[in-house]
Amino acid sequence: MSRLCDPTTLQIVQYPHPTLRHKSKPVRRVDSHLRDTVRRMFELMYEAQGVGLAANQVDLPLRLFVVNTTGDPDEGIEQVFINPVMSRPKGLEEAEEGCLSIPDVRGPVTRPKRVRVQAFGLDGKVIETELEGLTARIVQHEIDHLDGVLFTDRLSTTSRLAVAEALDEFKREFASRRQLGEILSDAEITQRLSDLERRYC
Ligand code: NI
């Protein structure tokens, strides 16, 4: 398979990696390579002790994410949402969020309490579900990722101030890793994402 996205080399990218700002296009084709990629996304999510992971967090421009609300590979239900569409938001609720791409940064985010989500599973079957509580929050957080939105964008001005210094530290770390040649240039990242989109989107 192409070196473009060998599942064994996938890694979670951290803020402010440009792919986290990429608005993903719908997936048009599911093949065994994509299934392996999804499997690896679950593994990376569990290793990082997360409950959800979007494809652009592993540097892929695909409109899909994985969820297990327990964060435990031996418990809960593993769900894959491909090309999710959200509707009928109801109520509002504030809760603290974090993100595997911004480790150790947390803050309160207000989101609809209940939402309806339509998506496809890996088997191509339609998923249509009313969500509430933690699942509703995770799914909304992950759909945001697919649109290039991070939870820190949704913080109040005050809460954003509280995390500003930590985010600056991530920016410095990113700049120095890029200087060391560990991270591709913006142009190379854009090229890579569009090559992948030609294949799957
Ligand atoms: Ni996240």
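The structure this text deals with has already been given above.
Below you will find a few notes about this structure. (Residues numbered from 1 in each chain as written. Predicted model: local features only at pLDDT ≥ 70, side-chain atom pairs only at ≥ 80, totals over all residues. Heavy atoms only, no water.)

## Concerning the overall build of the protein chain
Looking only at helices and strands, the protein chain features four helices and seven strands. Counted from the first residue to the last, the protein chain has its helices and strands arranged as α-β-β-β-β-β-β-β-α-α-α. Compactness check: the protein chain gives a C-alpha radius of gyration of 16 Å against a globular reference of 17 Å for 201 residues, within 12% of the reference. Seen through its principal axes, the protein chain has C-alpha atoms that stretch 45 × 45 × 30 Å. The long-range share in the protein chain, meaning contacts at least 24 apart out of those at least 6 apart in sequence, stands at 66%. As displayed, the protein chain offers around 10,500 Å² of accessible surface, 49% of which is attributable to carbon and sulfur atoms. Here the protein chain carries 28 positive and 32 negative side-chain charges, and the mean point of each set is 7 Å from the other. (Helix = DSSP H or I, 4+ residues; strand = E, 2+ residues; numbered from the N terminus. Rg over C-alpha atoms; globule rule 2.2 N^0.38 Å. Contact = heavy atoms within 4.5 Å. Areas by Shrake-Rupley, 256 points an atom, 1.4 Å probe, with all protein chains shown as cover. Lys, Arg positive; Asp, Glu negative; His and termini not counted. Charge placed at Lys NZ, Arg CZ, Asp CG, Glu CD.)

## Focus on the coordination of the nickel ion
Distances from the nickel ion to its protein donors, namely Cys-99 (SG), His-141 (NE2) and His-145 (NE2), fall within the range 2.1 to 2.3 Å. Summarised as a motif, the one-chain spacing of the donors to the nickel ion is C-x41-H-x3-H. A residue pair is termed a helical-turn pair when its members lie 3 or 4 positions apart in one helix, as His-141 and His-145 do in helix α2 (residues 133-146) at four residues. Under the relative-accessibility criterion, His-141 is labelled buried at 8%. (Donors = N, O, S within 2.8 Å, 3.2 Å for Na, K, Ca; no water. Buried < 20%, exposed > 50% of the residue type's maximum accessible area, 1.4 Å probe, protein only.)

## Overview of the pairing of strand β6 (residues 114-120)
Remark: a regular strand shows side chains that alternate across the two faces of the sheet. In terms of strand pairing, strand β3 (residues 79-90) meets β6 through five bridges, oriented antiparallel. Bridge pairing in β6 links Val-85 to Gln-118. The loop that links β6 with its antiparallel partner strand β7 (residues 126-132) comprises five residues; one of these, Gly-124, has a positive phi angle of about 85 degrees. (Pairing = 2+ DSSP bridges.)

## As for the environment of Val-105
Considering the arrangement of structural elements, one finds Val-105 in the loop between β4 (93-97) and β5 (107-111). With 64 residues separating them along the chain, Val-105 and Met-41 place their C-alpha atoms 21 Å apart. Those residues in contact with Val-105, other than ones at most four positions away along the chain, are Glu-97, Gly-98, Cys-99, Phe-151, Thr-152, Val-163, Ala-166 and Phe-170.

## Examining a positive patch on the surface
On the surface, a cluster of positive charge is made up of Arg-88, Lys-90, Lys-113 and Arg-114. With respect to the helices and strands, the residue Lys-90 is situated in strand β3. With a relative accessible area of 39%, Lys-90 lands in the partly exposed category. (Patch = residues over 30% accessible without salt bridge, like charges linked within 9 Å, V, L, I, M, F, W, Y side chains within 5 Å. Salt bridge = Lys/Arg side-chain N within 4 Å of Asp/Glu carboxyl O.)

## Details of unusual backbone geometry
Note the cis peptide between Tyr-15 and Pro-16, where omega equals 0 degrees. Checked against the element boundaries, Pro-16 lands in the segment before α1 (32-47). The phi torsion at Gln-49 lies on the positive side, around 60 degrees, for a residue other than glycine. Here Gln-49 lies in the loop between α1 and β1 (52-54). Its identity is not glycine, yet Arg-88 carries a phi of approximately 50 degrees, on the positive side. With respect to the helices and strands, Arg-88 occurs in strand β3.

## Some details on the nonpolar core
In terms of nonpolar packing, the biggest core is built from 21 residues, with Leu-53, Leu-62, Leu-64 and Val-66 touching the most fellow members. Of all elements in the fold, only α1, β2 (64-67), β3 and α4 (186-200) reach the threshold of two or more residues within this core. Broken down by element, the residue count for this core peaks at seven residues, all from α1. Beyond its immediate stretch of four places on either side in the chain, Leu-53 contacts Ile-12, Met-41, Leu-44, Met-45, Val-58, Phe-65, Val-66, Leu-100 and Glu-142. (Core = buried A, V, L, I, M, F, W, Y, C linked by side-chain atoms within 4.5 Å.)

## A few points about the layout of surface pockets
One number sums up the size of the second largest pocket: a volume of about 390 Å³. Contributing to the lining of the second largest pocket are 21 residues, with Val-51, Glu-97, Gly-98, Cys-99 and Arg-106 lying nearest its centre. Ranked by the residues each element gives to the lining of the second largest pocket, the list is headed by α2, at five residues. (1 Å grid on protein atoms, 1.4 Å probe; cavity = no way out; pocket = protein on both sides within 12 Å on 5 of 7 lines; lining within 4 Å. Points joined across faces, edges and corners; volume = space filled by probe spheres on them.)

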